[in-house]
Amino acid sequence: MQSRARAPEYQGALTRMSVNASLTDVLAEGRRHLAEAERAGSAREVARAGLAVAEAHRRLGQVDEADRAWKASYRAARTAGDTGARAWALWSGGTLARQCGRLRLAFRLLELAARLGKEGGDVVARGYSLAGLAETGRIQGDYATVAALHEQLLAEARARGEARHTVWALEGIAQIHRNTGSFDTALEMFEEAALLAGEADDRRGRAWALRGMADIVSVRDGDTGRALALLSEAETACRAMNLSSALAYNHKMRGNVLYRAGRYEEAREVYARALEEFREMREPRGTALARLGLVKTLARLGRDRAATAADLDGLRGTLDRIGLLNAREMVDRAYAELDVRPAGDTAVPAEDRR
């Protein structure tokens, strides 16, 4: 039996915070307890409160603040001799690295976090770190390597009754099925994740599941109305919790749905908004995907083919640099879809070197 969703990254004095708490509230509480722990001279509590601060900053898209916070949490955990807290801090740092497109660093930090979680006897820290490794491989497009790990983590989460982690694993496996063309299986798993998340009151997990469902009913069934309704429901949850990254990906998916329906003017506006949101968070993967959608939309609206080809070349170079294999394949398909040839310039645009 699955438990009610909880947020194990909210630790120490923040343990009672809901998984659905607004991130601005989490940040305020985390800072308050962090200051109290520093005054009390408790390195262990500094590490625990600092973890919540790091995660709130990360999910709000505040990259520099998140980077400083997870490192400070790690230093405090090391001072306290708390191996489990060190694992959690490294998990946060690895997750941030993935969000920022630094996949090699993400792998290193998450591998170390999983090892420390095991050494410290923190089963949940180990599980979250392994999940981070699986997700990093999945967004990279290395499905053959990480599919079995996803299945293993799903089985472990079900056995422990961890609803939130079960939802994550279901969504990850569903995304692999979706990207490899098994739409029926993907939709079944997204629907199961949405149902389970709803029963466990995991609004974040449900929002991501609804986004996955919207993608499938749009691409498989051409049901634009239902897809947009699902995305609107998910957006409500994202706004209530201030989930900046999830909201940007929701908008990017809305652009995809509108593009598939041939509603290019609307798609252009939504892609442009998502692109601005991703750039503000300095999230290169989302930025590249939103740019791809915008380039395709502008081409459908009559943009010059040479300019379209040059933009696709730039995107291909960007995605090669990040190491996102699946997204690179999407760009390659776009050349054929838009009937343009590579311009030959695969240099990374200046805006992506910032």
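Because the structure is predicted, anything quoted here is derived from the model rather than measured.

**Concerning the overall build of the chain**
For the chain, the helix and strand inventory stands at 16 helices and 0 strands. Taking all 354 residues of the chain together, 57% fall into the buried category. For the chain, the computed accessible surface area is about 15,200 Å², with 48% contributed by carbon and sulfur atoms. The average position of the 55 basic charges and that of the 50 acidic charges among the side chains of the chain differ by 3 Å.

**Thoughts on helix α15 (residues 305-322)**
Here α15 contains 18 residues, and its C-alpha end-to-end distance of 26 Å stays within 8% of the 26 Å for a straight helix at 1.5 Å per residue. Within α15, burial applies to T308, A309, L312, D313, G314, L315, R316, G317, T318, L319 and I322. At its buried positions, α15 is contacted by α5 (103-119), α14 (284-300) and α16 (325-338). Regarding α15, its N-cap is D304, as a side-chain oxygen of that residue lies 3.0 Å from the backbone nitrogen of A306 further along. Looking one or two residues past α15, G323 carries a phi angle of roughly 95°, positive in sign.

**With respect to the packing of α14 against α16**
Packing of α14 against α16 brings their axes to within 11 Å, and their N-to-C directions diverge by 5°. In terms of orientation, α14 and α16 fall into the roughly parallel class. Packed against α14, whose contacting residues are L289, L292, K296, A299 and R300, the element α16 presents A327, M330, V331, A334, E337 and L338 at the interface. Along the lines of polarity and charge, the residues of the contact of α14 with α16 split into 8 nonpolar, no polar and 3 charged.

**Considerations on the state of the cysteines**
Applying the stated criterion across every chain, the model contains 0 disulfides. Among the cysteines around C100, which has no disulfide bond, C238 carries the closest sulfur, lying 19 Å off. Judged by its relative accessible area of 2%, C238 falls in the buried class.

**Concerning the packing of helix α12 (residues 244-260) against α14**
Between α12 and α14, whose axes approach to 10 Å, the crossing angle comes to 25°. Our classification of the angle between α12 and α14 gives roughly parallel. The element α12 and its partner α14 pack so that their crossing is left-handed. From α12, Y249, K252 and Y259 reach across to α14, where they touch R285, G286, L289, A290, K296, T297 and R300. Classifying every residue of the contact of α12 with α14 gives 4 nonpolar, 2 polar and 4 charged.

**Notes on the nonpolar core**
With 118 residues, the main nonpolar core has Y10 and L312 as its most contacted residues. Discounting chain neighbours no more than four positions away, the residues touching L312 are L292, V295, V331, A334, Y335, L338 and V340.

**A word on the confidence of the model for the chain**
Counting all residues, the mean pLDDT for the chain is 92, and 96% of those residues have values of 70 or more. Looking at the elements of the chain, mean pLDDT is at its lowest for α16, recorded as 88, and at its highest for helix α3 (residues 63-80), recorded as 98. pLDDT under 50 marks residues 345-354. Its contacts with residues more than four places away, or in other chains, come to 19 contacts.

**Topic: unusual backbone geometry**
One non-glycine residue, D201, lies in positive phi territory at about 60°. With respect to the helices and strands, D201 occurs in the loop between α9 (183-199) and α10 (203-219). By relative accessible area, which is 22% here, D201 ends up partly exposed. In this model, D339 sits at a positive phi of 55°, which is unusual for a non-glycine residue. Position of D339 relative to the elements: it lies in the segment after α16. Classification of D339 as exposed rests on a relative accessible area of 51%.

**A word on the side chain of D82**
As for its placement among the helices and strands, D82 is situated in the loop between α3 and α4 (83-99). A polar contact is formed between the side chain of D82 and the backbone nitrogen of A85, at a distance of 3.0 Å. Those residues in contact with D82 that lie beyond four places of it in its chain are R44, R48 and A77.

**A look at the environment of W70**
Mapped onto the elements of the fold, W70 is located in helix α3. Classification of W70 as buried rests on a relative accessible area of 10%. In this view, W70 contacts A54, A89, L90, S92, G93, L96 and L109; residues no more than four positions away in its chain are not counted.

**Notes on the pattern of salt bridges**
Counted by the stated rule, this structure contains 33 salt bridges. Among the salt bridges present, the one from E55 reaches R58, with a minimum N-O distance of 2.8 Å. Separated by 3 residues within a single helix, E55 and R58 lie in helix α2 (residues 43-59), roughly one turn from each other. Side by side, E55 and R58 carry an identical accessibility label, which is buried. Linking D332 and R328 is a salt bridge whose minimum nitrogen-to-oxygen distance equals 3.2 Å. One end of the pair, D332, and the other, R328, are both in helix α16, 4 residues apart, so they sit about a helical turn from each other. Salt bridges linked by common partners bring E9, E55, R58, R59 and R164 together as one network.

Basis of the calculations
Residues numbered from 1 in each chain as written. Predicted model: local features only at pLDDT ≥ 70, side-chain atom pairs only at ≥ 80, totals over all residues. Heavy atoms only, no water. Helix = DSSP H or I, 4+ residues; strand = E, 2+ residues; numbered from the N terminus. Buried < 20%, exposed > 50% of the residue type's maximum accessible area, 1.4 Å probe, protein only. Areas by Shrake-Rupley, 256 points an atom, 1.4 Å probe, with all protein chains shown as cover. Lys, Arg positive; Asp, Glu negative; His and termini not counted. Charge placed at Lys NZ, Arg CZ, Asp CG, Glu CD. Expected span 1.5 Å × (residues − 1). Contact = heavy atoms within 4.5 Å. Polar contact = N/O pair within 3.5 Å; in protein donor to acceptor, adjacent residues only side chain to side chain. Axes fitted to C-alpha atoms, helices over the stretch in contact; angles between N-to-C directions. Parallel < 35°, antiparallel > 145°, perpendicular 65-115°, else oblique. Nonpolar A, V, L, I, M, F, W, Y, C, P; charged D, E, K, R; others polar. Disulfide = S-S within 2.5 Å. Left-handed = near helix turned anticlockwise from the far one by under 90°. Core = buried A, V, L, I, M, F, W, Y, C linked by side-chain atoms within 4.5 Å. pLDDT = per-residue confidence, 0-100. Salt bridge = Lys/Arg side-chain N within 4 Å of Asp/Glu carboxyl O.

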